[in-house]
Amino acid sequence: MTLDSRIPGGPIAEKWDRRKFENKLVNPANRRKYDIIVVGTGLAGASAAASLGELGYQVKLFGIHDSPRRAHSIAAQGGINAAKNYRNDGDSIYRLFYDTIKGGDYRAREANVYRLAQVSVDIIDQCVAQGVPFAREYGGLLDNRSFGGAQVSRTFYARGQTGQQLLLGAYQSLMRQVDAGTVDMYPRREMLDLVVVNGQARGIVCRNLVTGELESHAGHAVLLCSGGYGTVFYLSTNAVNSNVTAAWRAHKRGAFFANPCFTQIHPTCIPVSGDHQSKLTLMSESLRNDGRVWVPKNPGDKRPPAQIPDADRDYYLERRYPSFGNLVPRDVASRAAKAVCDEGRGVGETGLSVYLDFADAIRRLGVETIRARYGNLFDMYKRITDEDPYQVPMRIYPAVHYAMGGLWVDYNLMSTIPGLFVLGEANFSDHGANRLGASALMQGLADGYFVAPYTVANYLGGTPTPAVSTDHDAFKEARAASQGRIDQVLAVKGSRTIRQFHRAIGAICWDYVGMARNEEGLQKAITEIRRLRDEFWQDVSVPGDKNNLNPSLDYAGRVADYMEFAELLALDALERRESCGGHFREEFQTPDGEALRKDDQFSYVAAWEFQGVGTRPALHKEPLVFEEVHPSQRSYK
């Protein structure tokens, strides 16, 4: 199969306008005839459902939570990027585009990234109109701060609660459409399968998480907005309920999975403290605006931080990357933290953390200024660690955070299955091998508010979609397959808990497919994953029954999918014999320890086609063509 990215012709600055003009339209009277299924209620799903409902389509919105307000988007802290240039510091749409391509280590599609930068300026206006309480300067103008990978201030924020406030804005728009009758909400539903009829995505099978009932829903198009797969590592900054199931089930129905090895390690997380944890807590990257990262110069120096003078401190990011300092991109900062800890200079009881110190900023700006910028983050840190960051430095260490990989989509955000659109973190399209901070919120809202409404209309206006009911054989088959998986996992009746298996698969992925990877480790990971998957189906214990509220059963299904997905994750990392962004192969690095790309061999999107569990998937390659930003060795020095 040839991957057609469907990128419009013409200059890059005109491609999106050209596509919007060329798109087929659905007139207002006909829109109410189309049923659109949206899976996921985070920023991408809520904004898409609200926008499509406002246009007059009939939307069915499915989410695993009791309210969209609980979607994981609410946990985003630091901000959202937009090329407004309010600071008059040299920012522009082109510079945001350039920073994003470079930050992704030249492994993203230029046309998609430029469009993201273009619509970013509209997102802020949209959210302000919704009442999102962005921080403002003394004169009333919207404030900005810097994030990693940029030398300008383009990040709009609401203290450390930006995701929450943006989600509430989308939620208000969504509920307006619920009240208007254009959007039907289906809370506490989990998508278990995609229904494909005559090659088109025409519906889903889901489980009612309260009653246990399997439900079938038909539509003319399906929008998958179910987030990323970071919880395959068990410990991550993602919510425990975040999972790969919806995307993985769509992959098994024919949607290609692209670049799964591109997972992001966030450098600013509260370190692991013991086996009792089920997730890790993010400390916003925005803290690196005013906090200075350092470790002792000498290995084994265990003095309290206040007793270590500047002469005995190594502000290693400022030393190694003087142009960007503490605001280097996440992959660079994460590898640098691991390196100093591997040298024996890490701090804390485990030696697996570094200091993020605000003493200089407090002296320079005053404690009230720091409190106004980061107060809720400081309070959260103190509640978790019982250490006051106003008095002592925070201790941070890298942790799994975000998935740049996801289902392959073309320029229209449509997967390899016609009628299946994939938005937000569930697709692969906009970040390459490393996501810049504050770009996740930007992408989710761009896809939902400003891209999907045009491209879904183009599909519906130009593609015959004959009437299909849930009595169709394809629905019956998908429902039977979903029931079969449920019955299979309940029938095992083994001795090990689901969490034990999840912790085990996470340990394999972190040890061998985490911050640093190598050929031997990846080969071992694939062997271990297959062994653990066999053990899961022989010895997992799932209590309760299928015809009732059963969170253990829901959890077991998600872990079972991770047992399959993890193999693809490791295989993709093994196949990509280069280092780029968040994918760091130890065999491929520069003399000073930076990622070493191989553009002549790996300047492509790796899109994998499912061939069966335990069978090697087929690899399809979409070449990446760079006409605007020519790849070069990334340097933040």
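Everything numeric in this text was worked out from a predicted model, so none of it was measured.

1. Thoughts on the overall build of the protein chain
Phase 1: For the protein chain, the helix and strand inventory stands at 17 helices and 19 strands.
Phase 2: In terms of overall dimensions, the protein chain is globule-like: its C-alpha atoms have a radius of gyration of 24 Å, near the 26 Å expected for 637 residues.
Phase 3: For the C-alpha atoms alone, the extent of the protein chain along its principal axes is close to 75 × 60 × 50 Å.
Phase 4: Out of the 637 residues belonging to the protein chain, those deemed buried represent 61%.
Phase 5: Total accessible area on the protein chain stands at roughly 23400 Å², and carbon and sulfur atoms take up 48% of it.
Phase 6: On the protein chain, the mean spot of the 75 positive side-chain charges and the mean spot of the 74 negative ones are 2 Å from each other.

2. A few points about the sheet that holds strand E6 (residues 189-197)
Phase 1: A sheet is described by the order of its strands in space; here three strands give the open sequence E6-E7-E8, paired in antiparallel fashion. Either end of the sheet is taken by a strand with one partner, and the two such strands are E6 and strand E8 (214-218). Going from strand to strand, the sheet's axes swing by 25 degrees on average, the running direction of each strand aside.
Phase 2: Strand direction decides the pairing type here: E6 and strand E7 (residues 200-208), joined by eight bridges, are antiparallel. Across the sheet, residue Val197 finds its bridge partner in E7, namely Gln200.
Phase 3: Set on the sheet, helix H13 (residues 473-492) makes contact with E6, E7 and E8; between it and E6 the angle comes to about 140 degrees.

3. Comments concerning empty space enclosed by the protein
Phase 1: All told, the structure shown has six cavities of 30 Å³ or more when counted by the stated rule.
Phase 2: By volume, the largest cavity amounts to about 70 Å³.
Phase 3: Contributing to the lining of the largest cavity are Thr263, Gln264, Ile265, Asp331, Ser334, Arg335, Met404, Asn434, Met515, Gly581, Gly582 and Phe584.
Phase 4: Residues of the lining of the largest cavity, tallied by class, amount to four nonpolar, six polar and two charged.
Phase 5: Taken as a whole, the second largest cavity spans an internal volume of roughly 60 Å³.
Phase 6: Along the walls of the second largest cavity sit Pro267, Thr268, Arg288, Val293, Tyr316, Leu317, Ala333, Ala337, Val354 and Ile396, which together make up its complete lining.
Phase 7: Going through the elements one at a time, strand E11 (263-269), helix H8 (316-320) and helix H9 (330-342) are the ones with two or more residues in the lining of the second largest cavity.
Phase 8: Taken together, the residues of the lining of the second largest cavity break down into eight nonpolar, one polar and one charged.

4. Digging into the environment of Ser603
Phase 1: Structurally, the position occupied by Ser603 is in the loop between helix H17 (599-602) and strand E18 (604-609).
Phase 2: Classification of Ser603 by relative accessible area gives buried; the value is 17%.
Phase 3: A sequence separation of 20 residues divides Ser603 from Pro623, and the C-alpha atoms of the two residues are 6.3 Å apart.
Phase 4: For Ser603, the contacting residues outside a window of four places in its chain are Arg107, Lys598, Pro623, Leu624 and Phe626.

5. Notes on the layout of surface pockets
Phase 1: Computed from the structure, the second largest pocket encloses a volume of approximately 680 Å³.
Phase 2: Every residue lining the second largest pocket is counted, 29 residues in all, and those nearest its centre are Leu235, Val272, Leu352, Trp510 and Asp511.
Phase 3: Within the residue set of the lining of the second largest pocket, elements represented by two or more residues are strand E15 (394-403) and helix H14 (498-513).
Phase 4: Tallying contributions element by element places H14 first for the lining of the second largest pocket, with six residues.
Phase 5: Residue composition of the lining of the second largest pocket, by class: 17 nonpolar, six polar and six charged.

6. Things to note about the sheet that holds strand E5 (residues 183-186)
Phase 1: Overall, parallel pairing links the five strands, which are arranged E5-E2-E1-E9-E17 in an open sheet. If you trace the sheet from one side to the other, it starts and ends with E5 and strand E17 (420-422), each paired once. For this sheet the average axis-to-axis angle between neighbouring strands, irrespective of direction, equals 20 degrees.
Phase 2: Both strand E9 (residues 221-224) and E17 contribute to a ladder of three bridges, which runs parallel. Of the residues in E17, the one forming a bridge with Leu224 is Val422.
Phase 3: Of the strands in this sheet, strand E1 (35-39), strand E2 (58-62), E5 and E9 are in contact with helix H3 (residues 43-55), which crosses E2 at around 165 degrees.

7. Topic: the packing of aromatic side chains
Phase 1: For the structure on display, the rule yields 28 aromatic pairs.
Phase 2: When the centroid spacing of 4.7 Å and the interplanar angle of 45 degrees are considered together, the rings of Trp294 and Tyr355 count as tilted. Here Trp294 is found in strand E12 (residues 292-296), whereas its partner Tyr355 is found in strand E14 (residues 354-357), with 61 residues between them in sequence.
Phase 3: Pairing Phe358 with Phe378 gives two aromatic rings, centres 4.9 Å apart and planes at 65 degrees, and the pair type is edge-to-face. One end of the pair, Phe358, is in the loop between E14 and helix H10 (359-365); the other, Phe378, is in helix H11 (residues 367-385), and 20 residues separate them in sequence. The same class applies to Phe358 as to Phe378, namely buried.
Phase 4: Chaining the aromatic ring pairs together yields one cluster made of Tyr229, Trp248, Phe257, Tyr562, Phe565 and Phe610.
Phase 5: For Arg145, the ring lying beneath its charged end belongs to Tyr157, and the centroid distance is 3.7 Å.
Phase 6: Lying over the aromatic face of Tyr390, Arg371 brings its terminal NZ or CZ to 4.5 Å of the ring centre.

8. Things to note about unusual backbone geometry
Phase 1: We note that Arg6 has phi near 55 degrees; this positive angle belongs to a residue other than glycine.
Phase 2: Here Arg6 shows up in the segment before helix H1 (15-22).
Phase 3: For Arg6, a relative accessible area of 37% gives the class partly exposed.
Phase 4: Despite not being glycine, Asn198 has its phi angle at roughly 50 degrees, a positive value.
Phase 5: Considering the arrangement of structural elements, one finds Asn198 in the loop between E6 and E7.
Phase 6: Judged by its relative accessible area of 75%, Asn198 is exposed.

9. Describing the pairing of E9
Phase 1: Across the two faces of E9 the burial is the same, with Ala221 and Leu223 and Val222 and Leu224 all buried.
Phase 2: For E1 and E9, the ladder comprises four bridges, and the chain directions are parallel. Bridging across to E9, Val38 finds its partner in Leu223.

Calculation notes
- Each residue is numbered by its place in its chain's sequence as written, counting from 1.
- Predicted model: local features are reported for residues with pLDDT of at least 70 only, side-chain atom pairs are reported and counted for 80 or more only, and whole-chain, interface and lining totals are derived from all residues.
- Side-chain measures here rest on the full set of heavy atoms in the structure, leaving out hydrogens and waters.
- Numbering of helices and strands starts at the N terminus; helices are DSSP runs of H or I of at least 4 residues and strands are runs of E of at least 2.
- Radius of gyration: C-alpha atoms only; globule rule: 2.2 Å multiplied by the number of residues to the exponent 0.38.
- Accessibility here uses a 1.4 Å probe with only protein chains present; expressed as a share of the type maximum, an area under 20% marks a residue as buried, one over 50% as exposed, and anything in between as partly exposed.
- Residue-level accessible areas treat just the shown protein chains as cover; the underlying method is Shrake-Rupley with a 1.4 Å probe.
- We count Lys and Arg on the positive side and Asp and Glu on the negative side, and we leave His and both chain ends out.
- Where a charge sits is defined by one atom per residue type, namely NZ (Lys), CZ (Arg), CG (Asp) or CD (Glu).
- The pairing criterion is simple: DSSP has to find at least two bridges between the two strands.
- To get an axis, a line is fitted to the C-alpha atoms, and for a helix only the part in contact is used. The angle between two axes follows their N-to-C directions and goes from 0 to 180 degrees.
- Should any heavy atoms of two residues lie within 4.5 Å, those residues are counted as being in contact.
- Of the two site types, the cavity is a set of points on a 1 Å grid over the protein atoms alone where a 1.4 Å probe fits but cannot get out, and the pocket is an open set with protein on both sides within 12 Å along at least five of seven lines, each lined by residues with an atom within 4 Å of a point.
- Grid points are joined across faces, edges and corners, and a volume is the space filled by probe spheres set on the points.
- Residue polarity follows a fixed list, in which Ala, Val, Leu, Ile, Met, Phe, Trp, Tyr, Cys and Pro are nonpolar, Asp, Glu, Lys and Arg are charged, and the others, Gly among them, are polar.
- Stacked, tilted and edge-to-face are the three classes assigned to paired rings of Phe, Tyr and Trp, where Trp is represented by its six-membered ring and a pair needs centres within 6.5 Å; plane angles under 30 degrees give stacked, over 60 edge-to-face, the rest tilted.
- For a ring to carry a charge above it, either NZ of a lysine or CZ of an arginine must fall within 6 Å of the ring centroid while also lying within 35 degrees of the normal to the ring plane.

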